[in-house]
Amino acid sequence: MNATPELRFDGRVAVVTGAGRGLGRAHALLLASRGAKVVVNDFGGSKEGVGSDTGPANEVVQEIIDAGGEAVADTNSVASEEGCQALVETAVREFGRIDIVVNNAGISRWATFPEADAENLEITLDVHLRGTWNTTRAAWPHFAEQGYGRVITTASTGMLGLPNNLAYATAKGALIGFTRSLAVAAKPQGILVNCIAPNSVTRPSETTGKGSIVAQNQMDEARAALMQTDRVSPMVAFLAHESCPVNGEILVAGANRFGRWFLGFTEGWLAEGDAVPTVEDVAAHWEQINDLDGFYVPSGLQDWSARFMSQLADMGTSK
Ligand code: NAI
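Just so it is clear, the structure is predicted and the values come from calculations on it, not from any experiment.

Examining the domain arrangement of the protein
Here the protein is described as being made up of domain 1 (13-261) and domain 2 (264-319). Spacing between the C-alpha centres of domain 1 and domain 2 amounts to 37 Å.

Written as structure tokens, this is what we have:
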């Protein structure tokens, strides 16, 4: 039995980028089914980000309307700052406000060094990082004015080590720094910024095969059914809801599992005395430096630096 009352989005306006297909489509459908008015953004290109097509965004809008919801299409590319501005203006013009930005649009250009060149990095950062930056920034004045907003960014567990998609992993890593830092500025203004790391079978994983979970695990049909996009969206919707209890966190969702991805520190080794530690000291204490026993997860930079400073204070008083 689920005792939680239905979480709804009546009166809320959501922008979901890259919502014409895959995960973004599932996020948009779920938010709309719970009463949100949704701007379905998608420029409709290939998974490498080439070409454009107004079809995907318009089809998802039609699906939402057919189900009794409210939505409009926006076919701007989030790879340009103007596109992001126009996307947010669409929400305000059509629905009078904006409450939620789900930064989901993404592309993949598989390559590692030396093939992964500056252009590969640039286009990848344009969509994932600058798209998130510019869309959120365009929505920010509206959030600040109304004292309310919800921002979701989309990272990837690929950041843990995806050598053949180097620019992608790089962009996703940058989004974690963006999420955590913007969250600090957001909270006093009634805004929350969190990150989702999804796992689902979508267009990229269906067709590339390279490093995809599907290919690696030789997944059977029953397992593949668990990897559908609608197994991720409940977490996104929860982070987008007014009752969201967290800020600056990374949540993981896929195949019916929902969890937290955190950044932790080992206690490490503290050199005693006044002598400058040597390289050999580091080598000699390598095990202790890396020992996970007693590791800690700071809630933020202030929490971490308070701990760091207390270590300095202890040293000062122990003299
Ligand atoms: P997808 O390719 O099925 O959907 C992405 C959508 O974004 C497409 O409809 C595409 O047209 C749109 N898009 C791409 N560039 C755009 C731009 N410049 N402006 C507007 N729309 C644009 O991919 P999927 O899997 O649904 O990916 C969604 C997000 O989730 C991406 O950020 C991806 O990196 C991330 N992700 C997905 C994982 C998975 O297991 N499917 C794993 C980790 C992260």
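Description of the site of the ligand
Taken together, the neighbourhood of the ligand is formed by 30 residues, with Leu23, Asp42, Asn104, Tyr168 and Thr202 sitting nearest. Within the side chain of Arg21, one N or O atom sits 2.9 Å away from an oxygen atom of the ligand. Residue Arg203 places a side-chain N or O atom 3.2 Å away from an oxygen atom belonging to the ligand. Notes on the ligand: free accessible area 830 Å², of which the protein chains cover 95%. Taken together, the elements giving at least two residues each to the shell around the ligand come down to helix H1 (22-33), helix H4 (118-146), helix H5 (166-186) and helix H6 (203-207). Within the shell around the ligand, the residues separate by chemical class into 11 nonpolar, 15 polar and 4 charged.

Considering the side chain of Thr136
Of note, Thr136 is situated in helix H4. Separated by 3.1 Å, the side chains of Thr136 and Asn103 make a polar contact. The contact partners of Thr136, leaving out residues within four places of it in the chain, are Val101, Asn103, Val151, Phe178 and Leu182.

Comments concerning unusual backbone geometry
Glycine aside, the phi torsion of most residues is negative, and most peptide linkages are trans. Here the residue pair Phe113 and Pro114 is connected by a cis peptide bond, since its omega of 5 degrees sits within 30 degrees of zero. By the secondary structure assignment, Pro114 is in the loop between strand S4 (100-102) and H4. Backbone geometry places Ala255, a non-glycine residue, at a positive phi of 55 degrees. Considering the arrangement of structural elements, one finds Ala255 in the loop between strand S7 (250-254) and strand S8 (257-261). Phi is positive for Asn256, close to 75 degrees, though the residue is something other than glycine. If you trace the backbone, Asn256 turns up in the loop between S7 and S8. Given a relative accessible area of 42%, Asn256 falls into the partly exposed group.

Overview of the packing of helix H3 (residues 81-95) against H4
H4 packs onto H3 with a crossing angle of 40 degrees between their chain directions and a minimal axis gap of 8 Å. Accordingly, the angle class assigned to the pair H3 and H4 is oblique. As H3 runs across H4, the sense of the crossing is right-handed. Mapping the contact onto sequence places Glu81, Cys84, Gln85, Leu87, Val88 and Val92 in H3 and Gly131, Asn134, Thr135, Arg137, Ala138, Ala139 and His142 in H4. Across the contact of H3 with H4, the residue classes tally to 6 nonpolar, 5 polar and 2 charged.

What to know about the sheet that holds strand S1 (residues 13-16)
Taking strand neighbours across the sheet as the criterion, the 8 strands line up as S3-S2-S1-S4-S5-S6-S7-S8 in an open arrangement whose pairing is mixed. This sheet does not close on itself; its edge strands, each paired only once, are strand S3 (70-74) and S8. Averaged over all pairs of adjacent strands, the angle between strand axes in this sheet comes to 20 degrees, irrespective of strand direction. Relative to strand S5 (residues 149-154), S4 runs parallel, the two sharing 3 bridges. Within the sheet, the bridge partner assigned to Val101 lies in S5 and is Val151. The sheet strands contacting H1 are S1, strand S2 (37-41), S4 and strand S6 (191-198), and the helix crosses S1 at an angle near 170 degrees. Along the sheet, helix H9 (residues 233-240) contacts S4, S5, S6, S7 and S8; its crossing angle with S5, the most-contacted strand, is approximately 145 degrees.

Here we look at the pairing of S6
The buried fraction of S6 amounts to 8 of the 8 residues, a majority that puts the element mostly inside the structure. A two-sided burial pattern is seen for S6, the buried positions comprising Ile191, Val193, Cys195 and Ala197 on one face and Leu192, Asn194, Ile196 and Pro198 on the other. Alignment of S5 against S6, held across 6 bridges, turns out to be parallel. Note that in S6 the partner of Arg150 across the bridge is Leu192. Handedness of the crossover is the feature at issue here: the chain leaves S5, passes through H5, returns alongside S6, and the resulting connection is right-handed. Examined bridge by bridge, S6 and S7 share 4 bridges and lie parallel to one another. Residue pairing across strands places Cys195 opposite Ile250, the latter belonging to S7.

Description of the pattern of salt bridges
In total, this model carries 15 salt bridges according to the counting rule given. The shortest N-O distance in the salt bridge between Arg8 and Asp10 comes to 2.8 Å. Where Arg12 meets Glu242, a salt bridge forms, and the shortest distance between an N and an O atom there is 2.9 Å. Here the residue Arg12 occupies a position in the segment before S1, and Glu242 occupies one in the loop between H9 and S7, the gap between them amounting to 230 residues. Its relative accessible area of 16% is what places Arg12 among the buried residues. The class of Glu242 is partly exposed, set by a relative accessible area of 47%. Each of Glu6, Arg8, Asp10 and Arg34 takes part in one network of salt bridges that share partners.

Definitions and cut-offs
- Residues numbered from 1 in each chain as written.
- Predicted model: local features only at pLDDT ≥ 70, side-chain atom pairs only at ≥ 80, totals over all residues.
- Heavy atoms only, no water.
- Domains from an automatic or database assignment.
- Near = heavy atom within 4 Å.
- Polar contact = N/O pair within 3.5 Å; in protein donor to acceptor, adjacent residues only side chain to side chain.
- Areas by Shrake-Rupley, 256 points an atom, 1.4 Å probe, with all protein chains shown as cover.
- Helix = DSSP H or I, 4+ residues; strand = E, 2+ residues; numbered from the N terminus.
- Nonpolar A, V, L, I, M, F, W, Y, C, P; charged D, E, K, R; others polar.
- Contact = heavy atoms within 4.5 Å.
- Buried < 20%, exposed > 50% of the residue type's maximum accessible area, 1.4 Å probe, protein only.
- Axes fitted to C-alpha atoms, helices over the stretch in contact; angles between N-to-C directions.
- Parallel < 35°, antiparallel > 145°, perpendicular 65-115°, else oblique.
- Left-handed = near helix turned anticlockwise from the far one by under 90°.
- Pairing = 2+ DSSP bridges.
- Right-handed = clockwise from strand over helix to strand, strands pointing away.
- Salt bridge = Lys/Arg side-chain N within 4 Å of Asp/Glu carboxyl O.

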